Number of protein chains: 2
Amino acid sequence: MEAGLDGGWDSVRGLLGGKGANLAEMTRLGIPVPPGFTVTTRACLSYLDGDGRLPDGLWSQVLHALHAIEDRLDKRFGDPAAPLLVSCRSGAKFSMPGMMDTVLNLGLNDETAKGLVALTGDEHFVFDSYRRLIQMFGTVVLGLRDELFENVLSDARHVRGVTSDADLSADELRTVVARFRDLAAGFPTDPAEQLRMAIEAVFSSWNGRRAVDYRNAAGIAHDLGTAVNIQAMVFGNLGEHSATGVCMTRSGATGLPGLEGDFLVNAQGEDVVSGTRATRPIEALAQVMPTAYAELQAMAAKLEARYHEMQDIEFTVEDGRLWLLQTRDGKRTAQAAVRIAVDLANEGLIGRADAVRRVTPSQVDFFLHPQLAVAARQQAADEGRLIATGLNVSPGAAVGVAAFDPDVAQRLAGDGRQVILVRPETKPDDVHGMLAAEGILTTRGGRTSHAALVARQFGKPAVVGVGALEVDLVGHRATMGELVIEEGDWLSLDGSTGEVYAGRLDTFVPDISDGWLATLLGWADDLRTLGVRANADYPADARRARDYGAEGIGLCRTEHMFFQSERLPVMQRMIMSDSVTERRDALAELEPLQRDDFLGLFRAMDGLPVIIRLVDPPLHEFLPTFEELSKRITDAKIRLSAAGSLDEVDDLLGRLRRDEDLLRQVRALHESNPMLGLRGVRLAIRHPEILQMQARAIFAAACDAAEEGGGPRPEVMIPLTSDAGELIRARQVIDSEAAAVFADRGITVDYLVGTMVETPRAALTADKLAEHADFFSVGSNDLTQTTYALSRDDAETSFLIDYLRTGVYDHDPFSSLDPDGVGLLIDRAIAAARTREDDFEVGVCGEHGGDPASIAWCHAHGLTYVSCSPFRVPVARLAAAQAALATAS
Amino acid sequence: MEAGLDGGWDSVRGLLGGKGANLAEMTRLGIPVPPGFTVTTRACLSYLDGDGRLPDGLWSQVLHALHAIEDRLDKRFGDPAAPLLVSCRSGAKFSMPGMMDTVLNLGLNDETAKGLVALTGDEHFVFDSYRRLIQMFGTVVLGLRDELFENVLSDARHVRGVTSDADLSADELRTVVARFRDLAAGFPTDPAEQLRMAIEAVFSSWNGRRAVDYRNAAGIAHDLGTAVNIQAMVFGNLGEHSATGVCMTRSGATGLPGLEGDFLVNAQGEDVVSGTRATRPIEALAQVMPTAYAELQAMAAKLEARYHEMQDIEFTVEDGRLWLLQTRDGKRTAQAAVRIAVDLANEGLIGRADAVRRVTPSQVDFFLHPQLAVAARQQAADEGRLIATGLNVSPGAAVGVAAFDPDVAQRLAGDGRQVILVRPETKPDDVHGMLAAEGILTTRGGRTSHAALVARQFGKPAVVGVGALEVDLVGHRATMGELVIEEGDWLSLDGSTGEVYAGRLDTFVPDISDGWLATLLGWADDLRTLGVRANADYPADARRARDYGAEGIGLCRTEHMFFQSERLPVMQRMIMSDSVTERRDALAELEPLQRDDFLGLFRAMDGLPVIIRLVDPPLHEFLPTFEELSKRITDAKIRLSAAGSLDEVDDLLGRLRRDEDLLRQVRALHESNPMLGLRGVRLAIRHPEILQMQARAIFAAACDAAEEGGGPRPEVMIPLTSDAGELIRARQVIDSEAAAVFADRGITVDYLVGTMVETPRAALTADKLAEHADFFSVGSNDLTQTTYALSRDDAETSFLIDYLRTGVYDHDPFSSLDPDGVGLLIDRAIAAARTREDDFEVGVCGEHGGDPASIAWCHAHGLTYVSCSPFRVPVARLAAAQAALATAS
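Residues numbered from 1 in each chain as written. Chains lettered and ligands numbered in written order. Predicted model: local features only at pLDDT ≥ 70, side-chain atom pairs only at ≥ 80, totals over all residues. Heavy atoms only, no water.

Asker: Describe the state of the cysteines, with residues and values.
Answerer: Throughout this description, disulfide means a covalent bond between two cysteine sulfur atoms. Going through the model one piece at a time under the given rule, you end up with zero disulfides over all chains. The structure places no disulfide on cysteine 556 of chain A, whose sulfur is separated from the nearest cysteine sulfur, that of cysteine 845 of chain A, by 11 Å. (Disulfide = S-S within 2.5 Å.)

Rendered as C-alpha cells:
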C-alpha cells in the first residue's frame, strides 16, 4: 500500500487504477465518500511476480489504513457492537467492466451479523448481506461454482413458492446462510482473514482467463496489474435519519438545470432502483433532511465543476450523514445533451469548443427524425400500452398498421397505408416489404442483423430482438402473453429507444431552428472550416436547406424536375422523337418550366452558390419499363382475341400500337449496364439540344434573378466525365449558350462550369480536367460504385448486407467514405485541382456528405465543402466543427 | 552550288535535301544514275533572303556542273545534234510529296526537238516531251493556269475523237506545242535560260502556299529551304538497244530472292506502267541485254547491301547503257515481308533484331486471318470479276451472299448462311446486321467511318468507300455500270487489300507453324522479356495456343464450360435449386465434367502455368432472358385461350408452369447493372458450394495429371475482388479443398492462388491484396469499363463510335490500353506487388494483351506477361520483342 485514499492523486491512474484514482479525487475535493484506501497495482505485480505472497509490509499497511477508517467512522472491523463492513474491488488503469472481481460486505460473521441486526433492526437486510458475502467469497475467493449457491437459493424459493430472492423471509435467509456456510467450508469467520484472502483473490483475478481474453481483445497490456479498493460499506436503512437515492445534477430528459432524482428514507440503494417501494422526488429531501439536501446540492455543483459535465450520483444518508457512493457522467436524451452542453458553456464550466465536441452527430440526427410525442408516450405507458423494449437499431419513430408479410406490407403501402413490418427476422426476400414499411420490428436478431443493417441503410426506424413477442406467420398475428396483435392493428415504435407501443401514437418533428441546438450549431459554424451545402432539387428544399444552415446548393439534380407529372409526357415525347426538330419542339416546352425551377433556386439561395447538374440518367428511365409494357401488350392481345365489338377492337389496337412504339424505343434504349451507359455528359454530347436547352434555362433564370436585384451564383456541373475531351465539348456548348443569353438580355452574370468527379478516370486524369473546369464535385456515390465495381441498387438488398454481417467488409462504403480506395482517388483529384489553383473548389456531394466519419475525412483532406440532404445539414455542420477541433488539437 | 553530285554525302541531307543526298549516295556507290548535281538549300535560302537574285557565282557553278554532265554523256545542252535534256526537281530535307515543283525535259526547243526526232525517229515521243516541258514550265515557272493548257489538249482530243492524250498523233502534238508556245509567251527558247528560270522557280516554291500549309501541318520548320536537283534525262526508247523497266530485288508477293519485274525494249517508263504494251518478265532481259541484266543484278545486290532492304528499282537502258532512275524500299505482302526479313538476316545483311523490328505486328496479324486463295484471286481477276478496289479498313477475307439490309443479314445468318452486308454507309441501327455478317462493304465513308470502326472493333473484314457501286436499298440490289448484284449473289472481299470480287472465292488460313514466320518469332522470343500466355477455355484452344508459342494459359474462363449444351440444363437446375442440398447435387454432376476439362488443359500445357479463373458471370446469364420467357409465356397463354383438346391444355399448362418458374428466378436474379453485381468472388462467397466444386475439380485434375507423370501448374484465380476480405475468404475455401484432395489422393501438387485486378479498388488496395495473393492478373477489359464507367456492351455499338469519330476520345480504350487512367491503376498494382516480392507475377489478360501498343506499355511497365487469344499469340510475341528492342535502344 503506497497511497492513502485521502491523499490520492488523479494523475496516478496507473498506480491506483481508474476507480481508485476517481475515489481519491473525490476525497481530495472534500466529497464525502465512504472512507477507504487503495492497494496499488505495484503491490499486485509484486504479488503476481512472487510466489503468491503479499509483499513484505503490505498487510501491516492494510491494517493501518483500516484502523484509519475505523477511527473515522467510529466502527470496528469485526466488532459486533459497531461492526465495520468493507468492500473489496478491483480497479485497473483501464476499465475492464465485469472482467474482474468484487467482494462486498467483508467483515460479517455470525457475531457481527447479530450486532448489525441489533443496530439496524433489519434482520432480512443483514442476512441477505451475509449470504451475499459468502456467495461472493465462495465463488471469487474460494473458486466454488456459483451453481452450488444458486441451487440452495432456488430450493428456498421453491419451498417458499416465490420467484425472487427478495421475497424470502429473514428466517429463510438465515437458513440459506447456514447452508452456504456448509458449502463454503473455507469461509473464514475472522474478518481480517476475509479481507486478506479477498485482496489476494482480486490480485489473482488479473491473470484469470476472462481478464486475459478481454485484454487481448481490447489491446490492453498484460503487465499493468490491478489495484484493489477497500472501502467502508454505508447503509441508508439505519432508521428515519437514513436514506438512499439517485439523482442527476440536471434533467436527463430535457437538460433543465437542478437536481432531478428519487430517494427513499430508511432504505437501501436497490430499493430505489427496483421499484418495490414508491420513491419520492429528490426535491422532497429538502423537507425531510434539509442539511443533507443542501449538502447534496453543493456536492453536485462541486462535481460538475470538477468533471465539467452533468453527473449521475448515487448517495446514501447514514444516520444523518451524506455519503456519495458513486458519481459518473449522466445519461441523457439528445435534447438534454444539446441543452446541457450549451448551458455548461454559458455557465463557464466548459468552453464553446467543448460544448461542440460533446454533442454527438447522432444526437443532432435525433432532431431530424420524427419522434413519438412525449405526452402520447407517457399516456400510452400509463395505459400499459408500452408492450416491449427491444434493441434500438435504427433511430426515429414509426407509426403504422402491423403487417406480417412483406407482400402484405407492400400492398398496404400501395394503398396509401402506413405499415410496420413485423417479422421473426428479415431476409433478402423481405426487402421490398421493408422498403414499403414505415418501420420494422423483429423478434430475433441483434445490432448487426439483416433487419438492423437494412433499416439503417434506408433510414427506416427499427426495433429488433423483441424476444417476448411471438409472431405467427400463418395466422398473421403476433402474441405477447395475453396481448394479441392482428394484421392491421396499429403499432408505434421508437427506434431511438427501442420502445414498442400498441396503438397509434402522435409524433412530432423536433424544431431545430432556434433554441439550444441553433446556438450550438452557431458555435460549430465558428469553429469549422469545411463548407456545408445541400443537395436540393426544388425551391422548397433549397429554402429548408438554407434554414438549416446550408451555404449553397451543392447538387441540384435537374432530371428530377422532368419526372413531375405534367412534364413527364413532354419528356417522353422528346425521347420518342424521330428528328432533332421534333425533339427541339418538346424541349422548347420544357425550357420555361426549367427556367422557373432555376429562378426559384436562385431566389432561395440568393447570394450563395447553386450547383446545377445537367441531366444525368439514361433516357429509358423516363419511359415505362420493359416489363410493364410487355404486360400491357400481352393483356391487350389476350383481350383482343376475345374482343366483342369493333369499337373495342379499335380501341385495343390503338393502345397496342402506342405501347408497341414505346416498347420499340425502350428496346432501342436498352442497355445491359445503364449505370455505365449513355448518360451524363455522354447524353449531352449525343443530344446537344438537351444540353443547350438546360444551359439557356439556367442563364435566362440567372438573368431574371439579377434583374430582380438578386445575386445569383450559378455553377453548371457536367456529370460522369471520364475524359477531358468530353468536358471540353460540353463546356463549349454551355459557354456559347451563356454568351448568347447574356447578349440577348444585355446582362452578364458570373458563372462557373465544373465537372463531377464520379468515375475513377476523372480522378486519375484530374490534372487534365482541371484545365477546363472551374470546380470539381466528387460524386462519391457513383465513385464508390465504380471503384468497387459495385452496383448499389443491386448490392444493398443482396450480398452487401451479407458482407457487412460476416465482416467481409468492415464498413459499408456507401454509408462512410472508403479511405483506402475511393479516398485515394479523391486525394488525387484534390491534388490536381490545387496544383492548378490554391483555392480550386472541390466538394463532395453524395450521401457521404452527411456522414460524420466521411466529413472528418473530407475536412482532413482539404475539401472545400460537403453537400448533403437538407436534413443532414445540421449534422454536417457539427461534424465539420468536430473534425476541425480534432485536427487542430 | 557547294557539293558535286559525285562527291555527295549521305549525311548532309540538310544541305542536299533527301533526294539529292540519295542520288549522291547512289552515285558514291558507283550505281549508274543519270549524272546530275544538286544546288544546295543554302543557295535557296540565300536566294529567298535576297531580293530574288541567285547568289553570286552560283550560275557559273551551275554551268560548270552542267558541262561535266555533257562531257560524261557526250551530249550538249541545246545542241540539236546530240541534245542533253535535264530535269529540275525540288528536294527538301524532309519529304513533302507533291508539295513542290518539278520541271522535266529542260533543254528542248524547236531545234533540239528536231534533232531528237532525228536521233530517236520517234516524233510522237519528242513532241509529247516538248509539250510537257512547255506545260510544266508555263505553270510552274511562269505561273499560268494549267486549265489553259488542258483546254488546248481537250480541244485536240475532241477533234481527234479520242479520250487520252497518248492517242494524239505526232502531228497533232506538234500543233499542240505550237499553241502552247503561243500561250506561254514567256517560254525561253534558250535552254540555259530555261534552266535558270526553273531553278529560281523551285527556290520560290518553298514559300508557295501549298508548301507552307504542308509544313505547318507536318510540323516542319520554315527556314530549311529546298535543294534543287538537276539531272540528265535518259531515254529507253532510243532503239533496240534501249529499254526501260521496273523490278524488285526480291519477290514482293512471296519474298523469293532474285529480281522480279517487267521491262520493254525501246520504250519509255510510262509504257511499262500503263499496260498499253505487253511487258516481258525481267528474266528475259538476260537474253536480250545480258550485260545490262548482269549489271542490274549487281546493282540490285549493291543497293540491298547499302539499304539493308529489298529495293524497288526503276531503270532505263539507253543505247546499251544501264541507268538506275530511282530506288526505294519495295512494297510487299505480309508473307514476303516476313520471308525477306528472315532471309536478309540469314544472309547477314541485317541482324536478327533488325529482322524482328522490320516486320509489323499487323503483318503477323495477316497470318491469323483467312485470306483469299491466290489462285482463286488470280482466276477471278482474269475473268473480270475483280469489280472494285475500295479502302482496306479491316483486314481479312470474307465470302458471303449480299444482303442490303441489316435485318436481312441477320435473318440469313440465322439460317446459317454466310453474308456480306452491303450498305451505302452504316449507322448504329445497322450494328446487329454487321455483327451477323462475315464482312462489310460500303460505298461511302473513309477509314474512320462508322463501318470502318465497328468492323475493326469486331474483327469483321471490311472494304469501304467503293464509290462506283450504287446501292438500291428499295430494290435490294447494287449496280456498277453493267454489273448488277442481287440480294443473295455471292461476293468475296479482301479487307487487307480493299479488293471486292463477284462470286465465291476460296479462302485459306495461312500456316504459321513453320517456315519463315516461325523462325522470326523464334528470334523474337530470344529478344523479349515479357511473357506471352493465351486465354484458352478448352483443351483444343490450349493446344493451338501452345503451337502458336504461348507459354501457359493466362486465363481459362471456367463458366464457358457450363454453357456447353449437355451441361447447361444441369447448371440451370443448380441455379433453380431451393436448397443447398439440391444445389450440391447438381454441382456433383458438373464436377467430373469440369475435372476432365481441367485435366485436358493441364495435359495441353504440361509444365506450363494454367490460370483457372473461378466462375465469374452473374447466374442469370445461364438462364433464358426475361424477354424470351415473357414471349414464351404470352404465346402459351394465347394458345391456351384457344386450345382445342384437354391434352393440349395439359401440355400448355405444364410448359407455362415451367416457364413461369424460370421467369420467377430470372426476376429474382435480375440486377440493374449485372456487371457491377453478384458475380465473381461475390458469387463464390454467396455460394461457397460452387467454389468448392471448382476447387475440387481443379486439384483432382492436377493430381490426375501428376499421376500420369505430367507437371501440372494450376494457378487458381479469384475474379472481381475489390477488398482483401473477399480474397481471404475465398482463398481459405480453396486452400482447404486443396488440402482435402491432396490428403485423399496422397499427392501434393504445387499451386498458386491469385486474384484478378479488374476493379479500380483492387488496384488501389493492391498492397493489402498482395498479402493474400500469390499472383495478380489485370483484367484490363473490366478495369477499363469500371475506370471509365463505360459498359463496353452498351458503348461499342452506341456513343463510343461517335466519340472516336468526332475525336472526343483519341483512341478506343478497349483496343489499346489507356495509359492516363487505367495505366496508373495498373502501375499501382505492380508497385504494390513488387514491394512484396521482386518477381511477384503480374500479368494482363484481356484483349489489350494482343494489342501491340498495349504490349509495349506492358513491357515498359514491368508486367510479367500478357495473355491474349491464341490467334494473337504470334502478334504478341513479336510486339513484345519490338517493345524490348525499343526500350533497350
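Asker: Break down the sheet that holds strand β5 (residues 102-106) of chain B for me, with residues and values.
Answerer: Whether parallel or antiparallel, the strands of a sheet pair through hydrogen bonds between backbone atoms. Residue and element names in this part refer to chain B. Ordered in space as β1-β6-β4-β5, the four strands form an open sheet in which the pairing is antiparallel. Strand pairing shows two members of the sheet lacking a second neighbour, β1 (36-39) and β5, which therefore form its edges. Going across the sheet, the axis of each strand differs from the next one's by a mean of 20°, ignoring polarity. Both strand β4 (residues 86-92) and strand β6 (residues 226-232) contribute to a ladder of seven bridges, which runs antiparallel. (Pairing = 2+ DSSP bridges. Helix = DSSP H or I, 4+ residues; strand = E, 2+ residues; numbered from the N terminus. Axes fitted to C-alpha atoms, helices over the stretch in contact; angles between N-to-C directions.)

Asker: Go over the pattern of salt bridges with me, naming the residues and quoting the values.
Answerer: Residues and elements named next belong to chain A. For the coordinates displayed, the defined rule picks out 125 salt bridges over all chains. Ionic pairing is found between arginine 306 and glutamate 25, a salt bridge with its closest N-O pair at 2.8 Å. Placement of arginine 306 in helix α12 (residues 290-307) and of glutamate 25 in helix α1 (residues 13-28) is noted, with a sequence separation of 281 residues between them. Exposure remark for arginine 306: the relative accessible area of 23% places this residue in the partly exposed category. With a shortest N-O distance of 3.2 Å, glutamate 628 and arginine 632 are connected by a salt bridge. Remark: arginine 632 and glutamate 628 occur in helix α25 (residues 626-641); sequence separation between them is four residues, near one turn of the helix. (Salt bridge = Lys/Arg side-chain N within 4 Å of Asp/Glu carboxyl O. Buried < 20%, exposed > 50% of the residue type's maximum accessible area, 1.4 Å probe, protein only.)

Asker: I'd like a rundown of helix α32 (residues 780-788) of chain B, residues and numbers included.
Answerer: All names here are of chain B. Here α32 lies mainly inside the structure; nine of its nine residues are buried. All of the buried residues in α32 are Ser780, Asn781, Asp782, Leu783, Thr784, Gln785, Thr786, Thr787 and Tyr788. Phi for alanine 789, located one or two positions after α32, is positive at around 55°.

Asker: Could you give an account of the relation of the copies chain A and chain B, with specific residues and numbers?
Answerer: In screw terms, the move from chain A to chain B is a rotation of 178° and a rise of 0.1 Å along the axis, fitting with an RMSD of 0.7 Å. In the structure described here, the two chain copies are related by an operation that fits a two-fold rotation axis. When C-alpha distances to the rotation axis are compared across chain A, the minimum falls at asparagine 673 of chain A, with a value of 1.9 Å. (Least-squares fit on C-alpha atoms with pLDDT ≥ 70 in both.)

Asker: Tell me what's going on with the nonpolar core, and back it up with residues and numbers.
Answerer: Membership of the largest hydrophobic core comes to 324 residues, with the highest contact counts inside it found for Leu520 and Phe776 of chain A together with Leu520 and Phe776 of chain B. Once residues within four sequence positions are removed from consideration, leucine 520 of chain A is found in contact with Val338, Val342, Ala355, Val356, Val359 and Leu878 of chain A. (Core = buried A, V, L, I, M, F, W, Y, C linked by side-chain atoms within 4.5 Å. Contact = heavy atoms within 4.5 Å.)

Asker: Hey, could you go over the pairing of strand β16 (residues 419-423) of chain B for me, with residue numbers and the actual values?
Answerer: Residues and elements named next belong to chain B. The buried fraction of β16 amounts to five of the five residues, a majority that puts the element mostly inside the structure. Here β16 shows two buried faces, one formed by Val419, Leu421 and Arg423 and the other by Ile420 and Val422. Pairing of strand β15 (residues 397-403) with β16 involves three bridges; the strand directions are parallel. Paired with alanine 402 across the bridge in β16 is isoleucine 420. The β-α-β motif built from β15, the intervening helix α17 (residues 406-414) and the parallel element β16 has right-handed crossover chirality. A crossover connection joins β16 to the parallel strand β17 (residues 439-442) through helix α18 (residues 431-436); in handedness this β-α-β unit is right-handed. (Right-handed = clockwise from strand over helix to strand, strands pointing away.)

Asker: Just give me the short version of the side chain of glutamate 689 of chain B, but keep the residues and values in it.
Answerer: Residue and element names in this part refer to chain B. Mapped onto the fold, glutamate 689 is located in helix α28 (residues 688-707). A relative accessible area of 5% places glutamate 689 in the buried class. In this structure glutamate 689 touches Val580, Arg583, Arg584 and Leu587, once residues within four positions along its chain are discounted.

Asker: Tell me about the packing of aromatic side chains, residues and numbers included.
Answerer: Summed over the entire model, instances satisfying the criterion amount to 35 aromatic pairs over all chains. Clustering of aromatic rings is evident, with ring pairs tying together Phe127, Tyr130, Phe137 and Phe187 of chain A. Between arginine 215 of chain A and the ring centre of tryptophan 206 of chain A, over which it is positioned, the NZ or CZ distance is 3.7 Å. Lying across the ring of tyrosine 307 of chain B, arginine 306 of chain B places its NZ or CZ 4.8 Å from the centre. (Phe/Tyr/Trp six-rings, centres within 6.5 Å; stacked < 30°, edge-to-face > 60°. Lys NZ or Arg CZ within 6 Å of the ring centre and 35° of its normal.)

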